[in-house]
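# A look at the structure
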Amino acid sequence: MTRKLDLRTGRPVWYAYRAPSVPTGKLTRDVKTDVAVIGMGISGAMIAEALTEAGCSVVCIDRRGPFLGSTSATTALVQFEIDQPLSLLSLKIGKPKAERAWRRSRLAVMNLKAHISELGIRCAAETRQSLYLAGNILNASGLREEAEARRQAGIGATYLTASTLREKFGVERDGAILSPDNLALDPRKLTAGLLRKALARKARLYAPVEATGIEDGREDVVIATARGPTITATHVVLATGYELVADLVPSTNHKIISTWAIATRQQKRALWPGAAFIWEASDPYLYMRATADGRVICGGEDEDFTDEAKRDMLTAEKSERIARKLKALLPKLDATPEFSWAGSFGTTVTGLPYIGQLPRHPRIHAVMGYGGNGITYSRIAAELITSTITGSEDSDAGLFSFRR
Ligand SMILES: Cc1cc2nc3c(=O)[nH]c(=O)nc-3n(C[C@H](O)[C@H](O)[C@H](O)COP(=O)(O)OP(=O)(O)OC[C@H]3O[C@@H](n4cnc5c(N)ncnc54)[C@H](O)[C@@H]3O)c2cc1C
């Protein structure tokens with residue numbers, strides 16, 4: 001039903017921090033529920049929390065366990081600024097749709113932040129500005145146009161000249177866009193917090209349980225599992241991350257690539273102003289953020305292949321390159337990696353995800369094609385899928401649907 005990928009290797013920085021435990025049970029007999037969620041990463045957790053809040057009964061399963069997939073490898077820059085600049089996305093899908101996708105991403109990050117605070121989840125969530133540096137995709141004049149396009153769409157963006165950038169942030173580039181209101185957080189703690197909320201609302205969590213097949217009928221869907229018991233649900237959500245495959249899901253322009261990241265030790269000296277996220281309008285791009293206790297996480301060096309063995313062989317070399325680039329950009333930092341890891345990563349041509357009901361399978365909902373904004377898209381998925389399952393319409397559903 002899904003392929004098995006080695007989603008990540010190495011030691012992600014999140015293992016330096018303790019996430020609350022999430023109790024799971026053994027699936028020993030057939031069960032029934034309103035909604036079955038397959039996958040207990042950050043997507044499944046957001047969806048389970050949202051559905052239980054809406055009053056649905058929920059069963060979650062995962063063949064590994066909670067947050068053992070790519071959720072542990074993420075660098076967790078939760079940005080409304082999606083990978084495709086608004087000015088370039090407008091050329092691909094038209095200005096009205098591109099503006100809506102950007103606005104919806106902005107709303108999703110705001111909603112996520114508010115929800116974390118309402119639920120009282122302690123996941124080191126902090127609002128961050130971000131600096132988007134001129135590069136080989138958008139140079140300084142391209143960035144000026146991008147800032148203007150964002151302002152026309154009602155999205156705050158300030159263009160910084162090279163001298164302002166140097167003065168304010170000590171960074172040498174031809175120009176940058178400064179944006180407010182992105183979100184830094186600890187992804188394992190957030191996922192654990194959301195799953196624990198769902199549990200408190202009587203969700204049933206089973207792991208390790210592997211879904212091996214799905215049969216959908218007029219009234220319900222039956223999930224077969226590797227050890228025998230079945231799960232019968234009115235709806236199923238495939239929150240299976242990058243392991244989702246195309247036997248049920250229509251083929252999309254979605255592919256899996258490889259990426260690398262490092263984290264430094266806690267920096268003795270102050271970090272750059274506001275510890276803003278920094279990323280480049282380049283391909284491949286470098287990006288960085290700080291943890292709440294002052295480590296610097298830096299990632300990038302993406303390569304266009306899936307092969308996990310090849311990916312892992314490159315980790316030492318890629319870590320060194322990332323550390324060198326980090327030091328070149330911010331020379332005062334100690335860029336020595338204390339953590340280095342590699343992961344698989346899904347991308348789409350437009351950078352927008354596929355979220356929603358599978359064509360001809362209205363009871364099966366899927367989330368796929370995450371790009372560098374997977375967590376923002378997980379939140380959008382939780383909002384859209386909860387609306388569909390509870391019978392209300394979301395006016396942005398068409399932007400992300402499999403039929404678009
Ligand atoms: C190095 C790296 C850096 C990243 N940085 C960012 C970033 O800065 N910002 C951002 O927004 N995103 C980022 N991403 C992307 C983000 O991490 C992903 O979008 C996100 O982790 C996906 O979460 P998920 O819950 O959908 O998938 P996962 O966490 O992989 O969870 C899917 C789960 O489904 C389970 N599963 C699969 N098949 C089955 C089955 N048949 N039966 C039962 N269970 C099954 C798996 O075991 C897994 O636990 C990054 C990714 C990587 C690798």
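Summary of the structure given here. Residue numbers restart at each chain and count upward from 1, following the sequence in its written direction. Confidence filtering applies because this is a predicted model: local features only for residues at pLDDT of at least 70, side-chain atom pairs given and counted only at 80 or more, and all residues used for totals across whole chains, interfaces and linings. With hydrogens and water stripped out, all remaining heavy atoms of the structure feed into the side-chain values.

### Some remarks on the overall build of the protein
- Working definition: helices are DSSP H or I runs of at least four residues, strands are E runs of at least two. Numbering for both runs from the N terminus. Along its length, the protein carries 10 helices and 18 strands.
- The quantity called the radius of gyration is restricted to C-alpha atoms. Its globule counterpart is 2.2 Å times the number of residues to the power 0.38. Since a compact globule built from 404 residues should have a radius of gyration of about 22 Å, the 21 Å found for the protein is in line with a globular shape.
- Residues classed as buried in the protein amount to 59% of the 404 residues present.
- Contacts spanning at least 24 positions in sequence make up 77% of the contacts within the protein whose residues lie at least 6 apart. Under the scheme applied here, a residue whose accessible area is under 20% of the maximum for its type counts as buried, over 50% as exposed, and between as partly exposed, the area being computed with a 1.4 Å probe on protein chains only. Throughout, a contact is declared for two residues whenever any of their heavy atoms are within 4.5 Å.

### What about the site of the ligand?
- Here, proximity means that at least one heavy atom of the residue falls within 4 Å of the molecule or strand. The environment of the ligand is formed by 36 residues, the closest being Ser43, Asp62, Arg64, Thr71 and Ile375.
- With respect to the ligand, the side chain of Thr71 contributes an N or O atom lying 2.5 Å from an oxygen atom.
- The contact in question runs from an oxygen atom of the ligand to an N or O atom on the side chain of Thr74, over 3.2 Å.
- Using a 1.4 Å probe, the Shrake-Rupley method yields the accessible areas, and only the shown protein chains count as cover for residues. Coverage of the ligand by the protein chains reaches 99% of its 1000 Å² of free accessible surface.
- Those elements that provide at least two residues to the shell around the ligand are α1 (42-53), β16 (337-348) and α9 (374-389).
- A per-element tally of the shell around the ligand places β16 first, with 3 residues.
- Residues are sorted three ways: Asp, Glu, Lys and Arg are charged, Ala, Val, Leu, Ile, Met, Phe, Trp, Tyr, Cys and Pro are nonpolar, and all the rest, Gly among them, are polar. Here the shell around the ligand is composed, by residue class, of 14 nonpolar, 17 polar and 5 charged.
- Annotation comment: domain bounds sourced from an automatic or database domain assignment. There are two domains that each give the shell around the ligand at least three residues, and those are domain 1 (8-73 + 188-249 + 351-400) and domain 2 (127-182 + 253-348). In protein, a polar contact requires one atom able to donate a hydrogen and another able to accept it; more generally it is a pair of N or O atoms within 3.5 Å, and residues adjacent in sequence count only if both atoms are side-chain atoms.

### What to know about helix α6 (residues 187-200)
- The end-to-end C-alpha distance of α6, which contains 14 residues, comes to 20 Å, matching closely the 20 Å that a straight helix rising 1.5 Å per residue would cover.
- Of all the positions in α6, only Pro187, Arg188, Leu190, Thr191, Ala192, Gly193, Leu194, Leu195 and Ala198 are classed as buried.
- Where α6 is buried, its residues touch α1, α3 (95-119) and β8 (204-206).
- Taking the backbone nitrogen of Arg188 as reference, a side-chain oxygen 3.0 Å away marks Asp186 as the first, capping residue of α6. Each residue after the first adds 1.5 Å to the expected span of a helix.

### Observations regarding the pairing of β16
- The element β16 is extensively covered by neighbouring structure, given that 9 of its 12 residues are classed as buried.
- DSSP bridges decide pairing: two strands pair if at least two such bridges lie between them. Here strand β1 (residues 8-10) runs beside β16; their pairing, made up of 3 bridges, is antiparallel. Across the sheet, the residue bridging to Thr9 is Ala342, located in β16.
- Sheet analysis places strand β12 (residues 254-264) next to β16, joined by 11 bridges and oriented antiparallel. Bridged to Ser258 within β16 is Ser344.

### Re the packing of α1 against α9
- All axes are obtained by fitting lines to C-alpha atoms, using only the stretch in contact for helices, and the reported angles, taken between N-to-C directions, cover 0 to 180 degrees. Between α1 and α9, whose axes approach to 9 Å, the crossing angle comes to 35 degrees. Seen along the crossing, α1 lies across α9 with a hand that is right-handed. Counted together, Ile42, Ser43, Met46, Ile47, Ala50 and Leu51 of α1 and Ile375, Ser378, Arg379, Ala382, Ile385, Thr386 and Ile389 of α9 form the full contact between these two elements.
- A breakdown of the residues in the contact of α1 with α9 according to their chemical character gives 9 nonpolar, 3 polar and 1 charged. What makes a crossing left-handed is the near helix being turned counterclockwise from the far one by less than a right angle; a clockwise turn instead makes it right-handed.

### Topic: the packing of aromatic side chains
- Only rings of Phe, Tyr and Trp enter the pairing, Trp through its six-membered ring, and a pair is recorded when the two centres are within 6.5 Å. The plane angle decides the type: under 30 degrees is stacked, over 60 is edge-to-face, the rest tilted. Within this structure, the stated rule accounts for 7 aromatic pairs.
- Judged by centre distance (5.8 Å) and plane angle (70 degrees), the ring pair of Tyr285 and Tyr287 falls under edge-to-face.
- For the ring pair Tyr354 and Phe402, a centre distance of 5.6 Å and an interplane angle of 35 degrees mean the geometry is tilted. Remark: Phe402 occurs in the segment after α10 (397-400) and Tyr354 occurs in strand β17 (residues 354-358); sequence separation between them is 48 residues.
- Among the residues examined, Phe402 registers a relative accessible area of 10% and is labelled buried.
- A network of ring pairs unites the aromatic residues Tyr132, Trp279, Tyr285 and Tyr287 as a single cluster.

### A closer look at the pattern of salt bridges
- By definition here, a salt bridge exists when the distance from a side-chain nitrogen of Lys or Arg to a carboxyl oxygen of Asp or Glu is within 4 Å. Applying the stated criterion across every chain, the model contains 22 salt bridges.
- Arg173 is paired through a salt bridge with Glu280; the nearest N and O atoms lie 2.6 Å apart. Of this pair, Arg173 sits in the loop between α5 (162-169) and β7 (175-184) while Glu280 sits in strand β13 (residues 277-280), and the two are 107 residues apart along the sequence.
- Taking the relative accessible area as the measure of exposure, Arg173 reaches 22% and is therefore partly exposed.
- Glu280 sits in the buried class, given a relative accessible area of 12%.
- In this structure, Asp334 and Arg265 form a salt bridge, with 3.9 Å as the shortest nitrogen-oxygen distance. One end of the pair, Asp334, is in the loop between α8 (315-329) and β16; the other, Arg265, is in the loop between β12 and β13, and 69 residues separate them in sequence.
- Classification of Asp334 by relative accessible area gives partly exposed; the value is 31%.
- Among the residues examined, Arg265 registers a relative accessible area of 39% and is labelled partly exposed.
- A single salt-bridge network, built from bridges that share partners, covers Arg100, Arg104, Arg379, Glu383, Asp394 and Asp396.

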